[in-house]
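Now for the letters of each chain:
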Amino acid sequence: MANFLRGTKGLSKRRIGDYLGRPDAGPVLLALVARLDLRSLPLDEALRFFLSLFRLPGEAQQIARVIETFAA
């Protein structure tokens, strides 16, 4: 699913963000982060790249879930 979300052109970034913010999408979010090689980037650039893949959901709890997964 993570490969599909990252590799399929034309998907709505807003809908991807809404999906990744759901509690039951945790494994997909973890898989998506694991497939990114961000080690060579400074933290701010890595976060910017990660957030360019989708739009953050509007709910604070969902945003926290996404950012905590990135931080882990």
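Each value, and the rule that gives it
- Residues numbered from 1 in each chain as written.
- Predicted model: local features only at pLDDT ≥ 70, side-chain atom pairs only at ≥ 80, totals over all residues.
- Heavy atoms only, no water.
- Axes fitted to C-alpha atoms, helices over the stretch in contact; angles between N-to-C directions.
- Helix = DSSP H or I, 4+ residues; strand = E, 2+ residues; numbered from the N terminus.
- Parallel < 35°, antiparallel > 145°, perpendicular 65-115°, else oblique.
- Left-handed = near helix turned anticlockwise from the far one by under 90°.
- Contact = heavy atoms within 4.5 Å.
- Phe/Tyr/Trp six-rings, centres within 6.5 Å; stacked < 30°, edge-to-face > 60°.
- Buried < 20%, exposed > 50% of the residue type's maximum accessible area, 1.4 Å probe, protein only.

## Concerning the packing of helix α3 (residues 26-34) against helix α5 (residues 60-71)
Working note: a packed helix pair is described by the angle between its axes plus the distance between those axes.
Here is step 1 of the chain: It is the contact of α3 with α5, at a shortest axis distance of 10 Å, that shows an interaxial angle of 40°. One element, α3, and the other, α5, form an angle in the oblique class. By crossing handedness, the relation of α3 to α5 is classed as right-handed. Residue-level inspection shows Leu-29, Leu-30 and Val-33 of α3 in contact with α5, the latter providing Arg-65, Val-66, Thr-69 and Phe-70.

## Topic: the packing of aromatic side chains
Here is step 1 of the chain: Enumeration over the complete set of coordinates arrives at two aromatic pairs.
Here is step 2 of the chain: With centroids separated by 5.2 Å and ring planes inclined at 85°, the aromatic side chains of Phe-50 and Phe-54 adopt a geometry described as edge-to-face.
Here is step 3 of the chain: An angle of 25° between the planes, with centres 5.0 Å apart, marks the rings of Phe-50 and Phe-70 as stacked. Taken together, the residues Phe-50 in helix α4 (residues 43-52) and Phe-70 in helix α5 connect sequence positions 20 residues apart.
Here is step 4 of the chain: With relative accessibility at 0%, the residue Phe-50 sits in the buried group.

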